[in-house]
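# A structural walkthrough
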Amino acid sequence: MLSDAHLEKIFNQVERDYPRESCGLIVRSISNPEQCRVIPVRNAQNDLHRQSPAEYPRTAKTAYWMDPRALLAIHKELRQNGEEIAVIYHSHPDGEASFSQEDNRLALAENGEPVYAEAAYLVISVIAGRAAGWKLFRWNAHEREFRA
């Protein structure tokens, strides 16, 4: 699922988007889980911040919000292609490849369950414009938290 080619494509994206957070998905075929592809998704966090700075004080430098219109189109495409979300990824500019409290909050529904329970979360550290490391996090139902 995380091939060198997929990671290279993601690293190129996060380096291009630096110093803003970058985000996207790795999707896989339901009938052939080894068949995966990377889908970059526009970070709409700056749009939210411009519309309501009091409600969304963070900019794309420290947060991400996947463009909802793009996500709707992607979900439609996934249904048509028989694919599912395998990995949700984003970068931490000049930060660690860790699953932050904010990452955790965004990954959970109001009932405390993961929005995408089967998906893993990939966090990429980008230091001074270069991908510097990554970690993959999965939901641990027993511990009720995301673990590397």
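Above this text you will find the structure in question.
What counts and how
- Residues numbered from 1 in each chain as written.
- Predicted model: local features only at pLDDT ≥ 70, side-chain atom pairs only at ≥ 80, totals over all residues.
- Heavy atoms only, no water.
- Phe/Tyr/Trp six-rings, centres within 6.5 Å; stacked < 30°, edge-to-face > 60°.
- Helix = DSSP H or I, 4+ residues; strand = E, 2+ residues; numbered from the N terminus.
- Buried < 20%, exposed > 50% of the residue type's maximum accessible area, 1.4 Å probe, protein only.
- Salt bridge = Lys/Arg side-chain N within 4 Å of Asp/Glu carboxyl O.

## Section: the packing of aromatic side chains
Considering all chains together, one arrives at five aromatic pairs under this definition. Between phenylalanine 99 and phenylalanine 137, the aromatic rings sit 5.3 Å apart at their centres with planes inclined by 35 degrees, giving tilted as the arrangement. Note that phenylalanine 99 is positioned in the loop between β3 (83-93) and α4 (101-107) and phenylalanine 137 in strand β5 (residues 130-140), a separation of 38 residues in sequence. By relative accessible area, which is 16% here, phenylalanine 99 ends up buried. Ring centres of phenylalanine 99 and phenylalanine 146 lie 4.7 Å apart, and the angle between their planes is 45 degrees; this geometry places the pair in the tilted category. In this pair, phenylalanine 99 is assigned in the loop between β3 and α4 and phenylalanine 146 in strand β6 (residues 145-147), connecting sequence segments 47 residues apart. You'll find phenylalanine 99 and phenylalanine 146 in the same group, each marked buried. Aromatic rings pair up to connect Phe99, Tyr121, Phe137, Trp139 and Phe146 into one cluster.

## Things to note about the pattern of salt bridges
One pass over the structure, following the stated rule, counts 13 salt bridges. For arginine 130, the salt bridge goes to glutamate 15, with nearest N and O atoms at 3.3 Å. With a gap of 115 residues between them, arginine 130 in strand β5 and glutamate 15 in helix α1 (residues 4-17) connect regions that are remote in the sequence. As a salt-bridge pair, arginine 20 and aspartate 17 come within 3.9 Å of each other at their nearest N and O atoms. The exposure class of arginine 20 is partly exposed, given its relative accessible area of 37%. Given the relative accessible area of 21%, aspartate 17 is considered partly exposed.

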